[in-house]
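# Residue-level structure breakdown
Take a look at the letters that make up each chain.
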Amino acid sequence: MSNKPKAIEVAHVSKHYGQIEALNDVSLAVAPGEMFGLIGPNGAGKSTLFKMMLGLAAPSAGEIRVHGVRIDGRDFRQVRRRIGYLPESFVTYDNLTGLEVLHLFADLKQVGRDSCGALLERVGLSGAAGRRVRGYSKGMRQRLGFAQALLGKPDLIFLDEPTNGLDPQGIHDFYQTLREVQGEGATIIITSHILAEIQERVDHLVILQSGRIAAQGTLAQLRAQRVMPSLLELTVAAARQAPLRAALAGMDGLDIAMHGDNVRISCPPAQKVALLAALFAEQGTVQHITIHEPSLEDLFLGYGGRHAQAH
Ligand SMILES: Nc1ncnc2c1ncn2[C@@H]1O[C@H](COP(=O)(O)OP(=O)(O)OP(=O)(O)O)[C@@H](O)[C@H]1O
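For the structure given in this document, a descriptive report is provided here. Bear in mind that the values here come from a model prediction, so they are computed numbers and not experimental data.

The next point concerns the overall build of the protein. Summing up its helical and strand segments, the protein has 12 helices and 14 strands in all. With the principal axes as the frame, the protein shows a C-alpha extent of 75 × 45 × 40 Å. Sequence-distant contacts in the protein: of pairs separated by 6 or more residues, those separated by 24 or more amount to 66%.

Dropping the structure here:
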């Protein structure tokens, strides 16, 4: 096993704001080079955890290390220089152009200005580099914030709700750039309240709910943790529905509902292949099949899938 320190280690961290318990006994570890997703509904504690991992707020209990260095130790200043951060609301200066904003952040970070033009190109803003930020859309501001987070080629990048305001093409481009940055060796931590958007894109997921970790692991691990029935939706002419029900009568665990020519069958995972085989044998009867697999939202957040689709 490698002795290389974890990029981040959070051990039994709690955070209280007066009576409010923002985080309760949270432990997680981020491996170097990983793309790590932190998911949870509004108020789950994502931003609070981010702020603490950046050393901007102190835990009420527990310990956080970044690259093996405690965030409350003297050496953390050095570590922080290698961190890029896009806050949830990236506030900038409307009177400056995109390029001027990036120059300003480069100066503050004490990195050279020479990379700024290429960074704006990387986030798809080179055509707007000379325009004042006042005229930028929300998505363009997010892209500028992303460029700012990449200044100085950080080896650890924190992105808090980075796709807010981006359209679907913008989201696609954003993740593509992020993969490239990861390929260059960076560790990336990203928050979202839309599980469906990032579940396929990150290597490791932590689901936070009301300040506690509801689940964590790879997507496959999370899926394996909870088992829910699949839903099959069929189109079957009304006159053929009774024979279909009879053909499926011997199978355990099915829940069948029929409305008009729509037939819905809830099926335990262990029965899915047998059910499909039985349906294929009824090809003349079944006109159409759609299989709905339960989403992770259904499993862990109780959004019922509709929440994700609404965004
Ligand atoms: N500075 C603060 N003072 C008091 N309460 C706070 C403070 N910061 C956060 N909280 C509370 O802590 C809880 C977690 O908030 P946090 O912003 O970390 O959640 P979040 O998951 O980032 O939510 P969102 O998706 O809305 O950004 C909330 O109940 C919030 O009201």
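By size, the foremost hydrophobic cluster in this structure holds 62 residues, and its most contacted members are Met53, Leu102, Leu120, Ala147, Ile157, Phe158 and Ile188. Broken down by element, the residue count for this core peaks at six residues, all from helix 5 (residues 138–150). Once residues lying within four places of it in the same chain are set aside, the contact partners of Met53 are Ile8, Ile64, Val66 and Phe158. Among the nonpolar cores identified, the runner-up in size contains seven residues, and Val236, Leu244, Val263 and Cys267 belong to it.

The subject of this paragraph is helix 6 (residues 168–183). Each α-helix turn comprises 3.6 residues. Residues three or four places apart therefore point the same way. Look at helix 6: 23 Å from first C-alpha to last across 16 residues, which is about the 22 Å you get at 1.5 Å a residue. Buried within helix 6 we find Phe174, Leu178 and Val181. Mapping the buried residues of helix 6 onto a view down its axis gives an arc of 60°, with all of them on the same face. Along helix 6, exposed side chains directed more than 90 degrees from the buried face belong to Pro168, Gln169, His172, Gln176, Glu180 and Gly183. Remark: Gly185 follows helix 6 within two positions and exhibits a positive phi of approximately 115°.

Examined bridge by bridge, strand 9 (residues 204–209) and strand 10 (residues 212–217) share five bridges and lie antiparallel to one another. Pairing of Leu208 across the sheet is with Ile213, part of strand 10. Here strand 9 folds back onto strand 10 in antiparallel fashion, the turn holding two residues, of which Ser210 has a positive phi close to 45°.

Once that is clear, we can look at the environment of Pro154. One can find Pro154 in the loop between helix 5 and strand 7 (156–160). Overall, the presence of 21 C-beta atoms within 10 Å leaves Pro154 in the buried class. Counting along the chain gives 113 residues from Pro154 to Cys267, while the straight-line C-alpha distance between them is 48 Å. If we ignore the near neighbours within four places in the chain, the residues touching Pro154 are Arg82, Ile83, Gly84 and Ala186.

All right, on to the site of the ligand then. Taken together, 13 residues lie near the ligand, and Tyr17, Ala22, Asn42, Ser47 and Thr48 sit nearest. For the shell around the ligand, the secondary structure elements donating two or more residues are strand 2 (20–30) and helix 1 (46–53). Looking at the shell around the ligand, the element that brings in the most residues is helix 1, giving three residues. Of the residues contributing to the shell around the ligand, the split by class is four nonpolar, seven polar and two charged.

Two elements in contact, helix 3 (residues 98–109) and helix 5, have axes separated by 10 Å at closest approach and are oriented at 30°. The orientation of helix 3 relative to helix 5 falls into the category roughly parallel. For the pair helix 3 and helix 5, the sense of crossing is right-handed. Note on element contacts: helix 5 touches helix 3 through Leu144, Ala147 and Gln148, opposite Gly98, Val101, Leu102 and Phe105. Here the residues of the contact of helix 3 with helix 5 sort into five nonpolar, two polar and no charged.

In this section: the pairing of strand 3 (residues 35–39). Across the five residues that make up strand 3, a large majority, five, are buried. Here strand 3 shows a buried face lined by Met35, Gly37 and Ile39 and a second buried face lined by Phe36 and Leu38. Note that strand 3 and strand 8 (residues 187–192) share five bridges and pair parallel. Following the sheet pairing, Met35 is matched in strand 8 by Ile188.

Definitions and limits used
- Residues numbered from 1 in each chain as written.
- Predicted model: local features only at pLDDT ≥ 70, side-chain atom pairs only at ≥ 80, totals over all residues.
- Helix = DSSP H or I, 4+ residues; strand = E, 2+ residues; numbered from the N terminus.
- Contact = placed C-beta atoms within 7 Å.
- Core = buried A, V, L, I, M, F, W, Y, C linked by C-beta atoms within 7 Å.
- Buried ≥ 20, exposed ≤ 12 C-beta atoms within 10 Å, placed from the backbone.
- Expected span 1.5 Å × (residues − 1).
- Arc of directions from axis to C-beta.
- Pairing = 2+ DSSP bridges.
- Near = placed C-beta within 6 Å.
- Nonpolar A, V, L, I, M, F, W, Y, C, P; charged D, E, K, R; others polar.
- Axes fitted to C-alpha atoms, helices over the stretch in contact; angles between N-to-C directions.
- Parallel < 35°, antiparallel > 145°, perpendicular 65-115°, else oblique.
- Left-handed = near helix turned anticlockwise from the far one by under 90°.

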